[in-house]
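# Residue-level structure breakdown
Next come the chains, spelled out residue by residue.
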Amino acid sequence: MSSYVTLSSGRKMPLLGLGTWKSAPGQVKQAVQVALDCGYRHIDCALAYCNEHEVGEAIAEKLGAGKALRREDVFVTSKLWNTQHHPDDVEPACRKTLLDLGLDYLDLYLIHWPMAFRRGTELMPKRADGSVFYDDIHYLETWAAMENLVDKGLVRDIGLSNFNARQTNNVISRAKHKPVVNQVECHPYLSQNELLNHCRAVDVCLMAYSPLGSGDQPWISSDDPCLLHDPGLNAIALHHNKTAAQVILRWQVQRGVACIPKSVTPSRIQQNLQVFDFTLSDEDMKQIESLNRNKRYIVPVVEKDSQRVWRDADHPHFPFNDPY
């Protein structure tokens, strides 16, 4: 099986990349260097992760004249944050990311969420009561500004993140440059089969963030299940002499879903790449599919009327009110 997927633009993207969300300063630089040294050719970034400058330092030490890698050898993804949805803010935001990463262009630039927040320098603009200050800019306006980045050569391809099927269709219906990717939370407890089938039908590659689950969020309850401890996954892993993480990543790439697992531990970074030397059986794949429970880890929750509810569910462009 190829370790690349061909996007609708005709460009190739590595199926497996290194995620950099929640990678702390002082750790992310080493993680990116280790990843590039052991064979990763896709690095996933975002302005909102607040570490792109350090990612850029790592890339600079590995790419360029006299180095082992050339710029065209490494696929770099970044994302436009919610406070930058105004069309006038899109290009400056992209240029800031390019400056921090030390690059002349991005391979892929995504709208991080369909929801706009109030313009400004704060990542999370909030009212006095602590609620998030929203904006009503439509993501279609933002998309038109994203397309200008392609025309100017600042990015090769553009795409979406956390968009549902209806929102994806809305963008495609108006697009001059079609979205090539939709990056969403996806793992065996949230298999996203309906969205995956939809993306296949409209020639958009599904990319999984938090493909190993993400149980370290502040809103996660102690009752929430831990994916990597799942007995079924671990039984399959034992059969193949692999880790549960490797089985999960193999399941994803075997069904054509790109993955960006995050780690700052060198041994795990290397292990996560070792998924192209074995194949899961049809029975294995069906057993993993059966684990789906539509469990989202990456949706902030807040207390409202003594209940835990999704924080942004009232935003007009909140994606998860639709079934997929």
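Residues numbered from 1 in each chain as written. Predicted model: local features only at pLDDT ≥ 70, side-chain atom pairs only at ≥ 80, totals over all residues. Heavy atoms only, no water.

Tallying each qualifying case throughout the model produces 8 aromatic pairs. Ring centres 6.3 Å apart and planes at 70° place the aromatic pair Trp 310 and Phe 320 in the edge-to-face group. With Trp 310 in strand β12 (residues 307–310) and Phe 320 in the segment after β12, this pair connects stretches of sequence that are 10 residues apart. On the basis of relative accessibility, which here comes to 34%, the residue Trp 310 falls in the partly exposed class. A ring pair is formed by Phe 318 and Phe 320, whose centres lie 5.5 Å apart and whose planes are at 75°; its orientation type is edge-to-face. The two residues Phe 318 and Phe 320 agree in class, both being buried. What links up through ring pairs into an aromatic cluster is the set Trp 113, Trp 310, Phe 318 and Phe 320. The ring of Tyr 105 has Arg 71 lying over it, and the distance from NZ or CZ to the ring centre is 4.1 Å. Here the guanidinium or amino end of Arg 296 rests over the ring plane of Phe 320, the centre of that ring lying 3.8 Å away. (Phe/Tyr/Trp six-rings, centres within 6.5 Å; stacked < 30°, edge-to-face > 60°. Helix = DSSP H or I, 4+ residues; strand = E, 2+ residues; numbered from the N terminus. Buried < 20%, exposed > 50% of the residue type's maximum accessible area, 1.4 Å probe, protein only. Lys NZ or Arg CZ within 6 Å of the ring centre and 35° of its normal.)

We now examine the packing of helix α3 (residues 87–101) against helix α4 (residues 139–151). Between α3 and α4, the least distance of the axes is 8 Å, while the angle of their chain directions is 40°. When the axes of α3 and α4 are compared, the pair comes out oblique. For α3 against α4, the interelement crossing comes out right-handed. For the pair formed by α3 and α4, the contact residues are Pro 87, Val 90, Glu 91 and Cys 94 on the first element and Glu 141, Thr 142, Ala 145, Met 146 and Leu 149 on the second. (Axes fitted to C-alpha atoms, helices over the stretch in contact; angles between N-to-C directions. Parallel < 35°, antiparallel > 145°, perpendicular 65-115°, else oblique. Left-handed = near helix turned anticlockwise from the far one by under 90°. Contact = heavy atoms within 4.5 Å.)

Three or more residues of helix α2 (residues 52–62) are buried, namely Glu 52, Glu 54, Val 55, Gly 56, Ala 58 and Ile 59. Directly after α2, the chain includes Gly 64, whose backbone phi takes a positive value near 125°.

Below, the discussion takes up the layout of surface pockets. Here the second largest pocket defines a volume of roughly 330 Å³. In terms of lining, the second largest pocket is formed by 18 residues, of which the most central are Gly 130, Ser 131, Val 132, Val 302 and Arg 311. Counting residues per element, the ones that place at least two in the lining of the second largest pocket are β11 (301–304) and β12. At 4 residues, the largest contribution of residues to the lining of the second largest pocket is made by β11. Looking at side-chain class alone, the lining of the second largest pocket contains 10 nonpolar, 2 polar and 6 charged residues. (1 Å grid on protein atoms, 1.4 Å probe; cavity = no way out; pocket = protein on both sides within 12 Å on 5 of 7 lines; lining within 4 Å. Points joined across faces, edges and corners; volume = space filled by probe spheres on them. Nonpolar A, V, L, I, M, F, W, Y, C, P; charged D, E, K, R; others polar.)

Turning next to empty space enclosed by the protein. Tallied over the entire structure, the rule returns 1 cavity of 30 Å³ or more. Approximately 60 Å³ is the volume found for the largest cavity. In this structure, the largest cavity is lined by Phe 163, Asn 164, Val 184, Gln 192, Leu 195, Arg 296, Pro 319, Phe 320, Asp 322 and Tyr 324. Residue composition of the lining of the largest cavity, grouped by class: 6 nonpolar, 2 polar and 2 charged.

The positions UniProt marks with the feature "site: Lowers pKa of active site Tyr" (unreviewed entry) are Lys 79. Here Lys 79 is to be found in strand β5 (residues 75–80). Ignoring sequence-local partners within four residues, the contact set of Lys 79 consists of Asp 44, Cys 45, Ala 46, Leu 47, Tyr 49, Tyr 109, Leu 110, His 112 and Gln 183. Reaching out from Lys 79, the side chain makes a polar contact with the backbone oxygen of Cys 45 at a distance of 2.8 Å. (UniProt positions renumbered as here; feature names shortened; annotations may be inferred. Polar contact = N/O pair within 3.5 Å; in protein donor to acceptor, adjacent residues only side chain to side chain.)

Attention shifts here to the UniProt feature "active site" (unreviewed entry) in the protein chain. This chain's UniProt record puts "active site" (unreviewed entry) on Tyr 49. Tyr 49 sits in the buried class, given a relative accessible area of 16%. Setting aside residues no more than four positions away along its own chain, Tyr 49 makes contact with Thr 20, Trp 21, Asp 44, Lys 79 and His 112.

The subject of this paragraph is unusual backbone geometry. Its identity is not glycine, yet Asn 162 carries a phi of approximately 65°, on the positive side. Turning to its location among the elements, Asn 162 is positioned in the loop between β7 (155–161) and α5 (165–174). You will see that Asp 203, though not glycine, has its phi angle at about 60°, which is positive. Relative to the helices and strands, Asp 203 resides in the loop between α6 (193–201) and β9 (205–209). Under the relative-accessibility criterion, Asp 203 is labelled partly exposed at 44%.

So, about the pattern of salt bridges. Under the criterion given, the structure shown has 18 salt bridges. The closest approach of N and O atoms between Asp 157 and Arg 11, which form a salt bridge, is 3.1 Å. You can see Asp 157 sitting in strand β7 and its partner Arg 11 sitting in the loop between β1 (4–6) and β2 (12–14), a full 146 residues away along the chain. For Asp 157, a relative accessible area of 6% gives the class buried. Looking at Arg 11, the relative accessible area reads 36%, which means it is partly exposed. Close ionic contact of Asp 37 with Lys 62 constitutes a salt bridge, the shortest N to O distance being 3.0 Å. Taken as a pair, Asp 37 in helix α1 (residues 28–38) and Lys 62 in helix α2 lie far apart in primary sequence, 25 residues in all. Lys 62 sits in the partly exposed class, given a relative accessible area of 21%. Linked by salt bridges that have partners in common, Lys 29, Glu 57 and Glu 61 make up one network. (Salt bridge = Lys/Arg side-chain N within 4 Å of Asp/Glu carboxyl O.)

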